[in-house]
Amino acid sequence: VLPMDEAMKRAEASANRALELDETVAEAHTVKAGIHLIRRQNEDAGREFQRAIDLKPTYAIAHLRYGYYLMWSLRIDEGLSHMRRAQQLDPISPITNAALGSLLMSARKNDESIKYSQRALELEPKLVGARLNLGSAYVEKGMFDQGIREIERIDEGNDEYVLAEKTYAYAAAGRRDQALRSFSELQKLIGPKGAP
């Protein structure tokens, strides 16, 4: 695995070279948008995503990534529209289904989130993000036993986010002792740097 700086340099050089050869390569514009996001150049990222979609309206990955970008920009309805489009364009991708499930959960559309998270898991049973979305959506609906069961199925290793979600699920369900144990594990994991 390359260090982040090196990976970004290579990705940017490849995207720039592709665009020198052909300015209409939607995939290269999508890569550039991602680089702009990492650099917190949000307006440039938005322009690159839009250019990619204009060039290739059927490119599911551009819609998916633009959907996340819009959601992070608090343009929730637009983000969901693009994420739904990504899933429609690639309905058998576990990633597009899981991503749609994630955004639907963020938008508090838990029933739909469950549907797409389950679909993602049917396609790829080991997809951690989909399993976490599914469990979290159940917890948000007050279906604590089902939610906790899904979250506990995840082998989180050193994943702070999964452990934080597990802690929240236990607390929401009123399982005080389990919540405290889980919180203690989370504190040991994150140490002095703060919460995830």
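For the structure itself, consult the block above.
Cut-offs applied
- Sequence order sets the numbering: in each chain, residues are counted from 1 along the sequence as written.
- Two thresholds apply to this predicted model, a pLDDT of at least 70 for residue-level local features and 80 or more for giving and counting side-chain atom pairs, whereas whole-chain, interface and lining totals are computed over all residues.
- Calculation of side-chain values draws on the structure's entire complement of heavy atoms; hydrogens and water are dropped beforehand.
- Only runs of H or I of at least four residues qualify as helices and only runs of E of at least two qualify as strands under DSSP, and these elements are numbered from the N terminus.
- Per-residue accessibility, obtained with a 1.4 Å probe over protein chains only, is compared with the maximum for each type, and a residue is labelled buried under 20%, exposed over 50%, and partly exposed between these values.
- Any two residues whose heavy atoms approach within 4.5 Å at even a single point are treated as in contact.
- Reported accessibility uses the Shrake-Rupley method at a 1.4 Å probe radius. Residues are deemed covered only where the shown protein chains occlude them.
- Charged-residue counts in this description rest on Lys and Arg as positive and Asp and Glu as negative, His and the chain ends being excluded.
- Every charge is mapped to an atom, namely NZ of Lys, CZ of Arg, CG of Asp or CD of Glu.
- Two kinds of site are reported from a 1 Å grid over the protein atoms alone, namely cavities, where a 1.4 Å probe fits but cannot get out, and pockets, open sets with protein on both sides within 12 Å along at least five of seven lines, and residues are called lining when an atom falls within 4 Å of a point.
- Grid points are joined across faces, edges and corners, and a volume is the space filled by probe spheres set on the points.

What about the overall build of the protein chain?
- Of regular secondary structure, the protein chain possesses 11 helices and 0 strands.
- Order of helices (α) and strands (β) in the protein chain, N terminus to C terminus: α-α-α-α-α-α-α-α-α-α-α.
- Viewed in the frame of its principal axes, the protein chain has a C-alpha envelope of about 60 × 35 × 30 Å.
- The buried share among the 196 residues of the protein chain stands at 41%.
- In the protein chain, the share of contacts with a sequence separation of at least 24, taken over all contacts with a separation of at least 6, comes to 42%.
- Put simply, the protein chain shows about 11100 Å² of open surface, and 50% of that area lies on carbon and sulfur atoms.
- One way to put it: in the protein chain the 28 positive side-chain charges average out to a point 2 Å from where the 29 negative ones average out.

Here's the deal with the layout of surface pockets
- A volume near 410 Å³ is recorded for the largest pocket.
- Contributing elements (two or more residues each) for the lining of the largest pocket: helix 2 (26–38), helix 4 (60–72), helix 6 (94–106), helix 8 (128–140) and helix 10 (160–172).

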